[in-house]
Amino acid sequence: MDDGNTNLNCTECDGQLRTAGTEIVCEECGLVTDENAIDHGPEWRSFEDDDTDRRRTGAPLTRSRHDRGLSTEIGYGSGSGSRLTGRKRRQLARMRREHNRARISTKAERNQVYGFTEIKRLTTELSLPDSTREQACSLFKSAQSEDLLRGRSLEGFAAAAVYAVCRTVSMARTLSEVIDVARADESELKSAYDALNEELGLRTGPIDPTQYLPRFASKLDLDTTIERCAREHVETLLENRVIGGRHPGGVAAACLYVAANDCPDCNGITQASAGAVADVNPVTIRSTIRLLEEC
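Residues numbered from 1 in each chain as written. Predicted model: local features only at pLDDT ≥ 70, side-chain atom pairs only at ≥ 80, totals over all residues. Heavy atoms only, no water.

1. Concerning the overall build of the chain
From N to C terminus, the chain includes 11 helices and 4 strands. Sorting the 295 residues of the chain into buried and exposed places 35% on the buried side. When contacts within the chain are restricted to residue pairs at least 6 apart in sequence, long-range pairs at least 24 apart make up 57% of them. Carbon and sulfur atoms provide 45% of the accessible area of the chain, an area that totals close to 18300 Å². (Helix = DSSP H or I, 4+ residues; strand = E, 2+ residues; numbered from the N terminus. Buried < 20%, exposed > 50% of the residue type's maximum accessible area, 1.4 Å probe, protein only. Contact = heavy atoms within 4.5 Å. Areas by Shrake-Rupley, 256 points an atom, 1.4 Å probe, with all protein chains shown as cover.)

As structure tokens, this is what we get:
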């Protein structure tokens, strides 16, 4: 710990005072003039490599683990200087097995671990941030506490939790995108989502269609100029309040279709290709185009 000089002098010998650890001592006579029971400096707790790996604490608490990340692991004793053989290796294997059994001791905990693992897989497949995973795991745990999982699939609730969080934070992920990577079918997901929405009172609202534009434009291989033009079309529809209740992805795809076909430097896209990226049929695209023409 670095020592720091003070501007005060010793009351006994008028010597220079110096801070050492939690105490202020005189350099001449050694008198302790003040002390603090709390050391506000760093507290290094790394035992493997103290010179290069000075970590203060372990991993932070997280809602995406059934034990909030407070669990411990029993190692395999395969490091240098710690090789185990024979009786001690078998004893360590038994300890590790019993430790794992004690860590997940109930069926509810096993279901929670499985659900959290599925949520992690889904958020990774959908390229969602860690904050979404944390919220989805918290929502899954709340549903389990309210006994909503009874008679329903864990995979469906995991997928529904991810989709519900996307809806509550207005993140552009369609239902079909979640179903494509989920291990549950559409009926299981909708059943679980309805239970979450009714019993837990989710604050879900309509998603802004402009949030779909970057991803849809990338899938359709359209440049940023087309995307900006499509954003203006969406804002026009929002200002005229004519897209209430419509599929936000379909609105975004229709605006991209109009922008791409109005641009002289673009070859344009078909209504079928625009509907495919939003998982809507061409009829939805055409109805939105008519609304845009009326505005």
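2. Remarks on the confidence of the model for the chain
Overall, the predicted model of the chain reaches an average pLDDT of 80, with 80% of residues at or above 70. Across residues 1-6, where pLDDT falls below 50, the model places 16 contacts with residues more than four positions away in sequence or in other chains. (pLDDT = per-residue confidence, 0-100.)

3. Considerations on the packing of aromatic side chains
The final tally for this structure, using the stated rule, is 3 aromatic pairs. Measuring from centroid to centroid gives 6.1 Å for F116 and F140, while their planes differ by 70°, and the two rings are edge-to-face. Pair noted here: F116 is in helix α2 (residues 107-125) and F140 is in helix α3 (residues 130-145), with a separation of 24 residues, a long-range link. Look at F116 and you get buried, because its relative accessible area is 4%. (Phe/Tyr/Trp six-rings, centres within 6.5 Å; stacked < 30°, edge-to-face > 60°.)

4. Overview of the environment of G249
Locating G249 in the fold gives a position in helix α9 (residues 248-262). Note on G249: relative accessible area 0%, which makes it buried. As a C-alpha pair, G249 and P209 span 40 residues in sequence and 6.0 Å in three-dimensional space. Aside from chain neighbours lying at most four places away, what touches G249 is Y212, F216 and A278.

5. Quick look at the packing of α9 against helix α10 (residues 271-278)
Running from amino to carboxyl end, α9 crosses α10 at an angle of 150°, the nearest separation of the two axes being 9 Å. Classified by the angle their axes make, α9 and α10 are roughly antiparallel. For the pair α9 and α10, the crossing hand works out as right-handed. Of the residues in α10, those in contact with G249, G250, A253 and Y257 of α9 are Q271, A274, V277 and A278. Across the contact of α9 with α10, the residue classes break down as 5 nonpolar, 3 polar and no charged. (Axes fitted to C-alpha atoms, helices over the stretch in contact; angles between N-to-C directions. Parallel < 35°, antiparallel > 145°, perpendicular 65-115°, else oblique. Left-handed = near helix turned anticlockwise from the far one by under 90°. Nonpolar A, V, L, I, M, F, W, Y, C, P; charged D, E, K, R; others polar.)

6. Considerations on the pairing of strand β3 (residues 23-26)
Relative to β3, strand β2 (residues 16-20) runs antiparallel, the two sharing 4 bridges. Bridge pairing links R18 to V25 in β3. As defined by bridge partners, β3 adjoins strand β4 (residues 32-35) across 3 bridges and the pair is classed as antiparallel. When the sheet's bridge partners are listed, V25 is paired in β4 with V32. The hairpin turn running from β3 into β4, its antiparallel successor, is 5 residues long, and G30 in that turn takes a positive phi close to 80°. (Pairing = 2+ DSSP bridges.)

7. A few points about the environment of H233
By the element assignment, H233 lies in helix α8 (residues 224-240). Taking the C-alpha atoms as reference points, H233 and C255, separated by 22 residues in sequence, lie 5.9 Å from one another. Setting aside anything within four residues of it in sequence, one finds H233 in contact with C255, V258, A259, D262 and L292.

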